[in-house]
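Working through the structure, step by step
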There are 2 protein chains.
Amino acid sequence: MRIGELSRRTGVHERLLRYYEQQGLLWPERAASGYRSYQESDVDTVVRIRRLLSAGLNTETIAQVLPCVRVKAGNLVPVCPEIVDDLRHQRERITRAIEELQESRDLLDAVIDAAPRTLSSPAARVPA
Amino acid sequence: MRIGELSRRTGVHERLLRYYEQQGLLWPERAASGYRSYQESDVDTVVRIRRLLSAGLNTETIAQVLPCVRVKAGNLVPVCPEIVDDLRHQRERITRAIEELQESRDLLDAVIDAAPRTLSSPAARVPA
DNA sequence: CTTGACTCTGACATGGATGTCAGAGCTTAG
DNA sequence: CTAAGCTCTGACATCCATGTCAGAGTCAAG
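Residues numbered from 1 in each chain as written. Chains lettered and ligands numbered in written order. Predicted model: local features only at pLDDT ≥ 70, side-chain atom pairs only at ≥ 80, totals over all residues. Heavy atoms only, no water.

1. Concerning the packing of helix α1 (residues 3-10) of chain B against helix α2 (residues 14-22) of chain B
Residues and elements named next belong to chain B. Convention followed: For helices, the fitted axis covers only the stretch in contact; all axes are lines through C-alpha atoms, and the angles between them, taken along N-to-C directions, range from 0 to 180 degrees. Helix numbers and strand numbers start at the N terminus; a helix is a DSSP run of H or I with at least 4 residues, a strand a run of E with at least 2. Note on terminology: angles under 35 degrees are roughly parallel, angles over 145 are roughly antiparallel, angles of 65 to 115 are roughly perpendicular, and the others are oblique. Only heavy atoms matter for contacts: two residues are in contact if any of them lie within 4.5 Å across the pair. Each residue receives one of three labels: charged for Asp, Glu, Lys and Arg, nonpolar for Ala, Val, Leu, Ile, Met, Phe, Trp, Tyr, Cys and Pro, and polar for the others, Gly being one of them.
α2 packs onto α1 with a crossing angle of 105° between their chain directions and a minimal axis gap of 9 Å. Judged by the angle between their axes, α1 and α2 are roughly perpendicular. Of the residues in α2, those touching α1 at Ile 3, Gly 4, Leu 6 and Ser 7 are Glu 14, Leu 17 and Arg 18. A class-by-class count of the residues in the contact of α1 with α2 yields three nonpolar, two polar and two charged.

Shown next as structure tokens:
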């Protein structure tokens, strides 16, 4: 597929798809015309890129990580063991942030529960 | 305490402490001189801010989340019912942030697991 | 009081991700 | 073939978190 379709299907601006390519995150084929030609699997890849970016990883890190992710989707493993420690570190960062947010949410729940229940929507709040 | 000490104790550049204040993340008292005067609890707050930032949240999101955390430091909460709906929205925001981070973490896990286990610290990663 | 350390505000700079536009070259329906 | 719509590259602009500096005021030890 061409860049327009990939953009539409992922909701990611074409500009960014080109940028990700420039950063080594995507390597679409090129038609004779010069047009980029993406695989079906790139839709997924782009979603992953966005997810990692929003978790605070930068494109350089993602570039190191992505081949591994790819591989998993496929099955063979050229792997990048030298960055695994780094990834574990990143994972911890994320975990700590999650815990932080969960604590905040619990606190918030306490406050909400302490309020007179008679008001507002009786909105079903599942006990987390 | 004044800004220098807070900076030293948190390892966060003074410039950033002022920036966080400007973004509504901190609201230190002011001495007659104009000097900022921070609470002991701000040390903790700053650590939290840094944690959330490094997980990819922006200052605006953190500003929405942080007041809930404050509540804990204070401990009592005079909740006026008209803000309860607001709190529920905050809760939803937090939940969404948590979910996104969890997805990102899952993705990292997939990558980490795909690497040969023989290397790096055998670090006990609990299955979430 | 003086001096050195600290703080204030405001401005300018940077790096990374992202937005936007211009001018030129493809593609494809009609 | 032609027009409308895509796509290409490259440049410039913006936002956000950060760094850095300058000039002026404050504090505290001697």
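2. Section: α1(B)
Residues and elements named next belong to chain B. Stated precisely, the cut-off is as follows: Three exposure classes are used, based on accessible area relative to the maximum for each residue type with a 1.4 Å probe and protein chains only: buried under 20%, partly exposed in between, and exposed over 50%. Here, the arc refers to the directions that run from the helix axis to the C-beta atoms.
For α1, every residue scored as buried is listed here: Ile 3, Gly 4, Leu 6, Ser 7 and Thr 10. On an axial view of α1, the arc spanned by its buried residues comes to 165°, and they lie on one face. Lining the buried residues of α1 we find α2, β2 (36-37) and α3 (41-54). Immediately beyond the C-terminal end of α1, within one or two residues, lies Gly 11, with a positive phi of roughly 75°.

3. Here we look at the protein's contact with DNA strand C
Counted only if it meets this: Any residue with a heavy atom positioned within 4 Å of a molecule or strand is treated as near that molecule or strand. Two N or O atoms form a polar contact when they lie within 3.5 Å of each other; inside protein one atom must be a possible hydrogen donor and the other a possible acceptor, and for residues adjacent in sequence the pair counts only when both atoms belong to side chains.
The local shell around DNA strand C holds 22 residues, among which A:Tyr19, A:Tyr20, A:Tyr35, A:Arg50 and B:Arg36 are the closest. Between a phosphate oxygen of DNA strand C and a main-chain N or O atom of B:Gly4, the distance comes to 2.7 Å. Here a phosphate oxygen of DNA strand C sits 3.1 Å away from a polar atom, N or O, in the side chain of B:Arg30. Elements represented by at least two residues in the surface near DNA strand C include exactly α2 (14-22) and α3 (41-54) of chain A together with α1 and α2 of chain B. The class makeup of the residues in the surface near DNA strand C is seven nonpolar, six polar and nine charged.

4. A short note on the protein's contact with DNA strand D
Taken together, the neighbourhood of DNA strand D is formed by 22 residues, with A:Arg36, B:Tyr19, B:Tyr35, B:Arg50 and B:Thr59 sitting nearest. Counting only the atoms of DNA strand D that lie within 4 Å of the protein, the sugar and phosphate share comes to 67%. Contact between DNA strand D and A:Arg30: a phosphate oxygen at 3.2 Å from a side-chain N or O atom of the residue. A distance of 2.3 Å separates a phosphate oxygen of DNA strand D from a polar side-chain atom of B:Arg50. Sorting the residues of the surface near DNA strand D by element identifies α1 (3-10) and α2 of chain A together with α2 and α3 of chain B as the ones contributing at least two each. If one sorts the elements of the surface near DNA strand D by residue count, α2(B) sits on top with four residues. Here the surface near DNA strand D is composed, by residue class, of seven nonpolar, six polar and nine charged.

Remember, this is a structural readout, not a statement about activity or role.
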